[in-house]
Amino acid sequence: MANMPPMQSFPELLKKLWQRLGSMSLAIILLMVLAIASVIGTVLLQNQNQTDYLQQFGPLWYWVFRSLGLFDMYHTWWFITLLGFLMVSLSSCLWRNVPKFTKEMRARKGTISARALARMKLQEQWPLTSDISIDSLQETFRSRLYGWEFKQTEENGVHYVRADKGRFQKVGYISVHSAMLIILIGGWMSVEFGFRGNMAVPEGAKGHTIEFLKGTDTATLDMPFEVRCNSFVIDFFPTGAPKEFRSNLTIIDDGKEVLTTDIIVNEPLLYKDVYIYQASFGDGGSDITFKLYNMDGTAETRTAKTSVYKSWTDEKTDITLKVTDFKPYNVENMANPGEPVNFKDLGPSVIYEIRGPGLKPAKIKAYMNPFFDIKGKNMGSWLQVSLTGDAADFQSVGLGLDLTNPQEWKLFHAFMSHLSTTDVTQEKTKRMRSAFKMAMQDVFGDERPENFQEMAVRTMEAMQTLPQIPWPYIPMLDDYTHVYYTGLQLAKDPGMNVVWVGSGILVIGLCIMFYMPHRKLWLVIRPENDGITVVFAGLTNRNHMAFKQTFNDLFTQFDQDFKPKI
Amino acid sequence: MTSSTAEISFYSSMNAGRIALMRFYAYIGLALGIAGLAMYGQSGYNEDAFLYQILSMQGLIWGGTGALLGSGVAMIVSAMKPAMLQGKVAGNTVPWFDGMLLMVTLAVIAAQFEPAREFITYEDQSNLLAPSIVMTMNMLLVFSAVTYIAYLFAPAEFIGRLATGTAYLGVFAAGTALLLRWHESYLFDMEIGHAPVSNLYEVFIFMFIITAAVYLSFERRYNARAMGAFVMSIVAAGVFFGIWLDSVGQGLIKPLVPALQSYWMKIHVPMNFVGYGSFAVACGAGMAYLVRYRLEAKGGTAKMLAVFPSLEQLDQLAYKAVAVGFPAFTLATILGAAWAAEAWGGYWSWDPKETWALIVWLVYGAYLHARVSHGWHGKALAWWAVAGFLVTVFCFLGVNMYLSGLHSYGRLT
Ligand code: HEM
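None of these values were measured; they are calculated from a predicted model.

Caption draft 1: Spotlight on the overall build of chain B. Broken down by element type, chain B carries 14 helices and zero strands. Scanning chain B from its N terminus toward the C terminus, one meets helices and strands in the order α-α-α-α-α-α-α-α-α-α-α-α-α-α. In terms of C-alpha radius of gyration, chain B reaches 22 Å, essentially the compact-globule figure of 22 Å for 413 residues. When its C-alpha atoms are laid out on the principal axes, chain B stretches across 65 × 60 × 40 Å. The buried share of chain B, reckoned over its 413 residues, is 56%. Here the analysis covers contacts within chain B between residues at least 6 apart in sequence; of these, 77% occur between residues at least 24 apart. For chain B, the exposed surface amounts to about 17,700 Å²; the carbon and sulfur share of it is 71%. Positive and negative side-chain charges of chain B, numbering 21 and 21 respectively, have mean locations separated by a distance of 16 Å.

Caption draft 2: Summary view of the packing of aromatic side chains. Across all of its chains, the model carries 51 aromatic pairs over all chains by this definition. Seen from their ring centres, Trp78(A) and Phe79(A) are 6.2 Å apart, and the 80° between their planes marks the pair as edge-to-face. Considering the side-chain rings of Phe218(B) and Tyr222(B), the 6.3 Å spacing of their centres and the 70° angle between planes classify their relative orientation as edge-to-face. In this pair, Phe218(B) and Tyr222(B) are both assigned in helix 8 (residues 200–222), four residues apart and thus about one turn of the helix distant. Across the pair, exposure class does not vary: Phe218(B) and Tyr222(B) are buried alike. An aromatic cluster of at least three residues, connected via ring pairs, comprises Phe204(B), Phe208(B), Phe241(B), Trp244(B), Phe273(B), Tyr276(B), Phe279(B), Phe329(B), Tyr364(B) and Phe396(B). Here the basic side chain of Arg448(A) rests over the ring of Phe452(A), its NZ or CZ set 5.0 Å away from the ring centre. Seen from the ring of Tyr151(B), Arg225(B) lies directly overhead, with NZ or CZ sitting 5.7 Å from the centre.

Caption draft 3: Looking closely at the environment of Tyr74(A). Looking at where Tyr74(A) falls in the secondary structure, it is placed in the loop between helix 3 (50–67) and helix 4 (77–106). For Tyr74(A), a relative accessible area of 5% translates into the label buried. Sequence spacing of Tyr74(A) and Ile40(A) is 34 residues, and the spatial spacing of their C-alpha atoms is 9.7 Å. Setting aside its immediate chain neighbours within four residues, Tyr74(A) contacts Ser38(A), Gly41(A), Thr42(A), Gln46(A), Phe79(A), Ile80(A), Trp350(B) and Thr355(B). In this structure the side chain of Tyr74(A) is engaged in a polar contact, spanning 3.0 Å, whose partner is the backbone oxygen of Ser38(A).

Caption draft 4: Looking closely at the coordination of the iron atom of the ligand. Here the iron atom of the ligand is held by His177(A) (NE2) and His369(B) (NE2), and the distances to it run 1.8 to 1.9 Å. Coordination geometry of the iron atom of the ligand: the six donor atoms subtend angles of 87 to 178° at the metal centre, consistent with an arrangement described as octahedral. Of this pair, His177(A) sits in helix 7 (residues 169–193) while His369(B) sits in helix 13 (residues 352–372), each in a different chain. By relative accessible area, His177(A) is classed as buried at 9%.

Caption draft 5: View of the site of the ligand. Around the ligand, the structure places 24 residues, and the nearest of them are Cys93(A), His177(A), Arg542(A), Tyr319(B) and His369(B). Taken together, the residues near the ligand originate from chains A and B. Separating an oxygen atom of the ligand from a side-chain N or O atom of Lys170(A) is a distance of 3.1 Å. Of all the secondary structure elements, the ones that give two or more residues to the shell around the ligand are helix 2 (24–43), helix 4, helix 7 and helix 11 (496–515) of chain A together with helix 12 (311–343) and helix 13 of chain B. No other element matches helix 7 of chain A, which puts five residues into the shell around the ligand. Its residues assigned to classes, the shell around the ligand comprises 16 nonpolar, six polar and two charged.

Caption draft 6: Fine view of the pairing of strand 18 (residues 362–367) of chain A. Residues and elements named next belong to chain A. Counting buried positions along strand 18 yields six of six residues, so the element is predominantly enclosed. The side-chain alternation of strand 18 yields two buried faces, one formed by Ala362, Ile364 and Ala366 and the other by Lys363, Lys365 and Tyr367. Across six bridges, strand 17 (residues 349–355) lies against strand 18 in antiparallel orientation. Among the inter-strand pairings, Ile354 is bridged to a residue of strand 18, identified as Ala362. Counted along the chain from strand 17 to the antiparallel partner strand 18, the turn is six residues long, and its residue Gly358 has a positive phi close to 75°. Pairing of strand 18 with strand 19 (residues 382–386) involves four bridges; the strand directions are antiparallel. In the strand pairing of strand 19, Ala366 is matched with Leu383.

Caption draft 7: Here's a closer look at the sheet that holds strand 2 (residues 149–155) of chain A. Residue and element names in this part refer to chain A. Pairing is antiparallel in the open sheet, where five strands are placed in the order 1-24-23-3-2. Every interior strand has two partners, whereas the edge strands, strand 1 (122–128) and strand 2, have only one. Averaged over neighbouring strand pairs, the angle between their axes works out to 15° when direction is ignored. Across 10 bridges, strand 23 (residues 519–528) lies against strand 24 (residues 531–540) in antiparallel orientation. By the bridge assignment for strand 24, Leu523 is matched with Phe536. Docked against the sheet, helix 6 (residues 134–143) engages strand 1, strand 2, strand 3 (158–165), strand 23 and strand 24, running at close to 165° with respect to strand 23.

Caption draft 8: Fine view of helix 2 (residues 17–40) of chain B. Compared with the 34 Å implied by 1.5 Å per residue over 24 residues, the 34 Å span of helix 2 of chain B between its first and last C-alpha is a close match. Considered for burial, the residues of helix 2 of chain B that qualify are Ala20(B), Leu21(B), Arg23(B), Phe24(B), Ala26(B), Tyr27(B), Gly29(B), Gly33(B), Ile34(B), Gly36(B), Leu37(B) and Ala38(B).

Caption draft 9: Expanded view of the nonpolar core. If you look at the biggest cluster of nonpolar residues, it comprises 160 residues, and the most contacted ones within it are Leu506(A), Met227(B), Phe308(B) and Tyr367(B). Per-element accounting of this core gives the leading share, 18 residues, to helix 12 of chain B. Once residues within four sequence positions are removed from consideration, Tyr367(B) is found in contact with Ala318(B), Tyr319(B), Val322(B), Leu381(B), Trp384(B) and Ala385(B). Core analysis: the next-biggest nonpolar cluster, separate from the first, contains 34 residues, Trp312(A), Ile364(A), Leu403(A) and Ala462(A) among them.

Caption draft 10: Seen up close, the confidence of the model for chain A. Of all residues in chain A, 97% have pLDDT values of 70 or greater, and the mean over the chain is 85. Mean pLDDT across the secondary structure elements of chain A bottoms out at strand 15 (residues 331–333) of chain A, with 77, and peaks at helix 11 of chain A, with 94.

Caption draft 11: Focus on the confidence of the model for chain B. Residues and elements named next belong to chain B. Per-residue pLDDT for chain B has a mean of 85; in total, 92% of the residues score no lower than 70. For the stretch residues 408–413, pLDDT sits under 50, and the model shows 15 contacts to residues farther than four places along the chain or on other chains. As scored by the predictor, the complex reaches a pTM of 0.81 and an ipTM of 0.89.

Caption draft 12: A look at the sheet that holds strand 12 (residues 301–307) of chain A. All names here are of chain A. The sheet built from three strands is open, its strands ordered 12-11-21 with antiparallel pairing. Edge positions in the sheet fall to strand 12 and strand 21 (473–481), since each of these pairs with one other strand and no more. The sheet shows a mean angle of 25° between the axes of neighbouring strands, taken without regard to direction. Examined bridge by bridge, strand 11 (residues 287–294) and strand 12 share seven bridges and lie antiparallel to one another. Residue Phe290 lies in a different strand from strand 12, and its bridge partner there is Ala304.

Caption draft 13: Spotlight on a nonpolar patch on the surface. On the surface, Phe10(A), Leu13(A), Leu14(A) and Leu17(A) cluster together to form a nonpolar patch covering roughly 420 Å² of accessible area. Following the sequence through the fold, Leu13(A) ends up in helix 1 (residues 10–21).

Caption draft 14: Summary view of the interface of chain B and chain A. Tallying the contact residues gives 63 residues for chain B and 60 residues for chain A. Approximately 5,200 Å² of surface area, both sides summed, lies buried where chain B meets chain A, with 69% of it carried by carbon and sulfur atoms. For the chain B face of the interface with chain A, the top three residues by lost area are Pro258(B), Tyr347(B) and Trp350(B), together amounting to 13%. At the junction of chain B with chain A, the criterion picks out zero salt bridges. Applying the counting rule to chain B against chain A returns seven residue pairs in polar contact (both at pLDDT 80 or more). Here the side of chain B that touches chain A takes 18 residues from helix 12 of chain B, the largest share from any one element. The residue makeup of the side of chain B that touches chain A, split by class, is 40 nonpolar, 15 polar and eight charged.

Caption draft 15: Looking closely at the environment of Glu203(A). Residues and elements named next belong to chain A. Tracing the sequence through the fold places Glu203 in the loop between strand 4 (195–202) and strand 5 (206–214). Classification of Glu203 by relative accessible area gives partly exposed; the value is 22%. Spatially, the C-alpha atom of Glu203 lies 35 Å from that of Asp373, the residues being 170 residues apart in sequence. If sequence neighbours within four positions are ignored, Glu203 has contacts with Cys229, Ser231, Phe232, His482, Val483, Tyr484 and Tyr485.

What counts and how
Residues numbered from 1 in each chain as written. Chains lettered and ligands numbered in written order. Predicted model: local features only at pLDDT ≥ 70, side-chain atom pairs only at ≥ 80, totals over all residues. Heavy atoms only, no water. Helix = DSSP H or I, 4+ residues; strand = E, 2+ residues; numbered from the N terminus. Rg over C-alpha atoms; globule rule 2.2 N^0.38 Å. Buried < 20%, exposed > 50% of the residue type's maximum accessible area, 1.4 Å probe, protein only. Contact = heavy atoms within 4.5 Å. Areas by Shrake-Rupley, 256 points an atom, 1.4 Å probe, with all protein chains shown as cover. Lys, Arg positive; Asp, Glu negative; His and termini not counted. Charge placed at Lys NZ, Arg CZ, Asp CG, Glu CD. Phe/Tyr/Trp six-rings, centres within 6.5 Å; stacked < 30°, edge-to-face > 60°. Lys NZ or Arg CZ within 6 Å of the ring centre and 35° of its normal. Polar contact = N/O pair within 3.5 Å; in protein donor to acceptor, adjacent residues only side chain to side chain. Donors = N, O, S within 2.8 Å, 3.2 Å for Na, K, Ca; no water. Tetrahedral: all angles 85-135°; square planar, octahedral: opposite > 155°, others 65-115°. Near = heavy atom within 4 Å. Nonpolar A, V, L, I, M, F, W, Y, C, P; charged D, E, K, R; others polar. Pairing = 2+ DSSP bridges. Axes fitted to C-alpha atoms, helices over the stretch in contact; angles between N-to-C directions. Expected span 1.5 Å × (residues − 1). Core = buried A, V, L, I, M, F, W, Y, C linked by side-chain atoms within 4.5 Å. pLDDT = per-residue confidence, 0-100. Patch = residues over 30% accessible without salt bridge, like charges linked within 9 Å, V, L, I, M, F, W, Y side chains within 5 Å. Salt bridge = Lys/Arg side-chain N within 4 Å of Asp/Glu carboxyl O. Buried area = accessible area lost by both parts, 1.4 Å probe.

Next up, the structure:
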């Protein structure tokens, strides 16, 4: 038992621990552990739907990950503890080093001991004759060094000139490490006293509650004012890509309209310490009018009025149309692969789900306008149908007819009825031609429209496609009143300015640390019996290579300077 | 006097003393003049066409006045305080400014050979000039890498100079191409025009410039030519990646999505790539260290060893590169946070790109501490520099390819 270390008192242990926390090896470990921990949160998508996680990882791993908080990793107790450790460690190393470094910076010994001098790698010396004046040597030394601080001393007959550059380099160390502390404190203030959440406000409506994620749940918070969205506008580039999202907002405080202004992405609004950002947009519940084209051969149509995010149920057939989205523009690249891009707006479209007794549910995107091919030829009205409900599985379905022209719908039915009464023994093309002629007569009389040939092609096409439609009617987009919602993000961040201050100090500190190394040069002039010995020596704490070059350049110059002029 | 010493003495006299000082102040004056134009100029700063504001008569007047005033100040001050002429900062920085000025001049000349405006369409960008300059750059940089490698095995002065020369030419081609591309984006439409740092393809070219330029400055100052084989190989690998990016349509000029329409883009993105480029140089130095270490351990080919800088020097060079990259990367991350604060409503969202930037930063931070503390020595640190760059590559490529997030406009295809 003799080797057992003496018992330490509790305060002593604490002191040891404090010092250990401020050790460089702990700093390295902490930085690497933080780096590795951060990776997890980028590989595992954060804050997703819990059922998605369950599906992805299976029950076992789901529970393991969940109990470690990996689905909201950056807010778990253990990650925050790591950051806390970093703060403690930073404080401890500052605590230990600041007094040491400030003392070092203040005390500037003009002399240098022979031992210390001998240890310096960079040094040169000249034996000179005693007729050279010591003053002139010192003067030459000083004049060659621009921007250096000098300290001149004499001790025991030996003359010293000490030159310093970057004497305050350690200020860099202090700045960098305290800046990190400041930034971490600012971050903590942001989390503790700030908020950030989203608010969707339809055009013409008001909002005053934000939603945000708290852990893995959604929470809400009321703002001390209301925001009204007066309008939301999208501007486009000539290429059709969106150029600008702009909301016109009015702030209503205590029932009074206090200000009205526009915000765009990158240009938020500040009101009562709350920043209001343009974050997203979507359909704000546009009014939609469908025209239902009956598939029973009666040529009848009906209209149905509803709006986005609502369902319309037909009492007669029990069919439900659930409208999920509306788009006023559909800019698409019309070029074939490999050809130059050619953007075109295909016009408004509505997306809805159709369900009904005995029907396979389907997701449909119905366009208001007929499809025009690249040459501008009218290919008739069209839909995109997805039987899985997934937008990736949309298949284009051309209906043949241009349903925006009511006469074409009539023409089709007239044609079908004439076709059924023609003489079946006749050749098929002949039958069709005569049926079409009669249908034209029925619909247009003697004034045939100019493009009747195209209509004929479309009618033949419709004869193929329309019978394949499984629904009792086709709901097409007939009319709409478009309303956007603007997706706002509201945030208050009292720690932000603290973070900026810390960041500024951090960058300045880094520059001092890396680019203003503390360099020291000495000129030691020692009178000897039969002359004088001049020693030139140098030391730096960073960037040794550059300093070596500087030192050698100076040496060459001094070598010339100190040589007795003949 | 041989031609090469004549060249060197001309070069060093240009970059020392009064000439360097006056030039240095002239450049500072120029920059201040242009900043003045942005703040107080007739029509103020125009986000959509600042390039042309600089290149207009107005820009010439503001910038030129600034430059003249700057050099005047330098003349007076240096006459009053001759010791100033001993300073190193001016001499070390003017070559960089000279290079930039040369790039601008080259780009302005090249712009005169662009097809007429009516032949330029957004839909078909094949008749523009910048892509062929990029092709030239690709060839120069790859050639330079190959020549640097050849120099390791056949260290003839001629081969070394060829490698260095083509690397310089490659840098100038890259700079010219980027500046020209900036101009070209405006040829389609004033609204489409934007600084050429908006997608991976453009930013890659920028990174070649930084990596090669940082390396070349080391080569000039510390005579570290053997390192070029490693650094320029990294650049050459980037060149091939850039060619692939172009082949999948990333090389086309596209309008900016609203989130990127901010002056922050012009400072945040280049600053980031100053960091990445320097880390690439550190990686090159680390690789050179490891190779030399192997060679020494095998006690082998003294001929190759003779061209390598010493282990000590390589170690220092890796540190120097990190010392350039780390503050730049720190600043870039902070600028990114400032932009995020303005555009997304929060300076830090733990978005994958942000988080990876933090990871890169932590890795190099730990590297710097490991250097200062005892127990870590050359070889381990060399590995660290190499591994750190792999993390960096993941940060600017891997994140875009594999992880989704708010930075998704950097997405591939
Ligand atoms: C995120 C946090 C930190 C950052 C960004 C940081 C940054 C730096 C940098 C850039 C250097 C300069 C290295 C060089 O000159 O090559 C440095 C040095 C140093 N750091 Fe840190 N550091 C951090 C945390 C810590 C911690 C927690 C400690 C305490 C244990 C610490 C102790 C030191 C010490 C003692 C030095 C050497 C100073 C000198 O001798 O000049 N650092 N740090």
